[in-house]
Amino acid sequence: AQSVTQLDSQVPVFEEAPVELRCNYSSSVSVYLFWYVQYPNQGLQLLLKYLSGSTLVKGINGFEAEFNKSQTSFHLRKPSVHISDTAEYFCAVSPSGGYNKLIFGAGTRLAVHP
Amino acid sequence: DTGVSQDPRHKITKRGQNVTFRCDPISEHNRLYWYRQTLGQGPEFLTYFQNEAQLEKSRLLSDRFSAERPKGSFSTLEIQRTEQGDSAMYLCASSPSPGQGPYEQYFGPGTRLTVT
């Protein structure tokens, strides 16, 4: 079985500052890793994903994440945030190869202040 | 393609009533997933289909819940005898199946259910 831990439930940050949202996972098999963003009363939008290959993954809106197998982590980073980045961010895992269900973390609320 | 759509977007019902939600996936996707999201939590998997076959059901999916995808296109999720604990956002997603394309689940806007 897989599980995901998002270490911070809320992250406040000032506009134009860098941010890191932390994600650790547990799995006995190889996994795919994802970050999704959710704006109020909306569905989830994919920011980026790691399926294989380079461990540094770049996504939309200037976000990137690095897969660290030894530390079982997939932290999300952005060098300079905007007010519009205020949202809920979810890390998710799925066993690799099968295109199966996603297992989500509890989410991190990113609040960007002017 | 307009993406994954869900209907209705909001549903208010009284305890004990039955409700049905519909999901229309991206047309070329063979896989369709249902999740439930309660306030302040991440989505939890309920069930998924490969075409019309239901491949996995979560233990969260009690006997009061049933999902169908009769022709391998749209899907319905029915909740019978609703309880207040069923109040949540119900999310649908679709993806290619293995060999059909790179893995990524595309989510719909969700149906918010409120049981009074």
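Residues numbered from 1 in each chain as written. Chains lettered and ligands numbered in written order. Predicted model: local features only at pLDDT ≥ 70, side-chain atom pairs only at ≥ 80, totals over all residues. Heavy atoms only, no water.

Asks: Please clarify how the overall build of chain A should be interpreted in this entry.
Replies: For chain A, the count of helices and strands is 0 helices and 12 strands. When its helices and strands are written in sequence order, chain A yields β-β-β-β-β-β-β-β-β-β-β-β. The C-alpha radius of gyration computed for chain A amounts to 14 Å, which stays within 12% of the reference 13 Å derived for 114 residues, consistent with globular compactness. Dimensions along the principal axes, computed over C-alpha positions, put chain A at roughly 40 × 30 × 20 Å. Across the 114 residues of chain A, 47% fall into the buried class. Within chain A, contacts between residues at least 6 apart in sequence are counted, and of these 56% link residues at least 24 apart. Roughly 5,300 Å² of accessible area belongs to chain A as shown, and the carbon and sulfur atoms make up 50% of that amount. Each charge sign in chain A was given a centre, from 8 positive and 8 negative side chains, and these centres are 10 Å apart. (Helix = DSSP H or I, 4+ residues; strand = E, 2+ residues; numbered from the N terminus. Rg over C-alpha atoms; globule rule 2.2 N^0.38 Å. Buried < 20%, exposed > 50% of the residue type's maximum accessible area, 1.4 Å probe, protein only. Contact = heavy atoms within 4.5 Å. Areas by Shrake-Rupley, 256 points an atom, 1.4 Å probe, with all protein chains shown as cover. Lys, Arg positive; Asp, Glu negative; His and termini not counted. Charge placed at Lys NZ, Arg CZ, Asp CG, Glu CD.)

Asks: Can you help me understand the nonpolar core in this one?
Replies: Core analysis: the largest hydrophobic core is formed by 28 residues, its most contacted members being Trp 35, Leu 48, Leu 76 and Tyr 89 of chain A. Filtering out sequence-adjacent residues up to four positions away, Tyr 89 of chain A remains in contact with Gln 6, Leu 21, Trp 35, Tyr 36, Val 37, Leu 47, Phe 63, Leu 76, Gly 107, Thr 108 and Leu 110 of chain A. (Core = buried A, V, L, I, M, F, W, Y, C linked by side-chain atoms within 4.5 Å.)

Asks: Is there a simple way to explain the layout of surface pockets in this structure?
Replies: Gaps left between atoms show up when a probe the size of a water molecule is rolled over them. Roughly 380 Å³ of internal volume is contained in the largest pocket. Lining the largest pocket are 19 residues, with Gln 38 of chain A together with Gln 37, Leu 39, Gly 40 and Arg 112 of chain B sitting closest to its centre. Counting residues per element, the ones that place at least two in the lining of the largest pocket are strand S10 (87-95) of chain A together with strand S9 (88-95) and strand S11 (111-115) of chain B. Here the residues of the lining of the largest pocket are counted per class, giving 8 nonpolar, 8 polar and 3 charged. Forming the boundary of the second largest pocket are 13 residues, of which Gln 2, Ile 103 and Phe 104 of chain A together with Glu 44 and Phe 45 of chain B lie nearest the centre. Only strand S11 (103-104) of chain A together with strand S5 (44-50) of chain B provide two or more residues apiece to the lining of the second largest pocket. Considered class by class, the residues forming the lining of the second largest pocket number 7 nonpolar, 4 polar and 2 charged. (1 Å grid on protein atoms, 1.4 Å probe; cavity = no way out; pocket = protein on both sides within 12 Å on 5 of 7 lines; lining within 4 Å. Points joined across faces, edges and corners; volume = space filled by probe spheres on them. Nonpolar A, V, L, I, M, F, W, Y, C, P; charged D, E, K, R; others polar.)

Asks: Sorry if this is basic, but what is going on with the state of the cysteines here?
Replies: Think of a disulfide as a covalent bridge from one cysteine sulfur atom to another cysteine sulfur atom. Residues and elements named next belong to chain A. All chains considered together, the criterion is met by 2 disulfides over all chains. The disulfide partner of Cys 23 is Cys 91, and the gap between their sulfur atoms is 2.0 Å. Between Cys 23 and Cys 91 the sulfur-sulfur dihedral comes to about -65°; the bridge is accordingly left-handed. Highlighted residues: Cys 23 in strand S4 (residues 23-26) and Cys 91 in strand S10, separated in sequence by 68 residues. The pair formed by Cys 23 and Cys 91 is uniform in burial state, with each residue classed as buried. (Disulfide = S-S within 2.5 Å.)

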